[in-house]
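# Structural description and commentary
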Amino acid sequence: MAIIINVDVMMAKRKMSLGELAERVEITPANLSILKTGKARAVRFSTLEAICRALDCQPGDVLEYRPEEKN
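Attention here is on the structure that accompanies the text. Just so it is clear, the structure is predicted and the values come from calculations on it, not from any experiment.

About the criteria used
Residues numbered from 1 in each chain as written. Predicted model: local features only at pLDDT ≥ 70, side-chain atom pairs only at ≥ 80, totals over all residues. Heavy atoms only, no water. Salt bridge = Lys/Arg side-chain N within 4 Å of Asp/Glu carboxyl O. Helix = DSSP H or I, 4+ residues; strand = E, 2+ residues; numbered from the N terminus. Core = buried A, V, L, I, M, F, W, Y, C linked by side-chain atoms within 4.5 Å. Buried < 20%, exposed > 50% of the residue type's maximum accessible area, 1.4 Å probe, protein only. Contact = heavy atoms within 4.5 Å.

## Looking at the pattern of salt bridges
Across all of its chains, the model carries 3 salt bridges by this definition. When the shortest N-O distance is used, the salt bridge between R53 and E49 registers 3.3 Å. Taken together, the positions of R53 and E49, both in helix α4 (residues 45–55) and 4 residues apart, correspond to about one turn of that helix.

## Quick look at the nonpolar core
Counting residues in each nonpolar core, the largest one holds 19 residues, and the members touching the most others are V7, L21, L32, L35, I51, L55 and V62. Broken down by secondary-structure element, the contributors of at least two residues to this core are α1 (7–13), α2 (18–25), α3 (29–36) and α4. When residues no more than four places from it in sequence are discounted, the contact partners of L21 are V7, M11, M16, L32, A54 and L55.

## A few points about the environment of G38
Position of G38 among the secondary structure elements: in the loop between α3 and α4. For G38, a relative accessible area of 38% translates into the label partly exposed. Residues G38 and M16 lie 22 residues apart in sequence; the distance between their C-alpha atoms is 18 Å.

Coordinates in, geometry out; function isn't part of it.
Following this line, the structure appears as structure tokens:
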């Protein structure tokens, strides 16, 4: 997938655990883990907003676009 999720990078920069972020964002740790590992197929803007608020960052710090290489 060309969209890379960098939640784990921002969590490390803020020294925040998965459980703490999940609590602040008010989603389950399991759902946050799916997002963190890049297995999520979508993210709601309200969830993205809550993540950015909790991590004190911008959406571009959490989401990244990398074009896929063509074979």
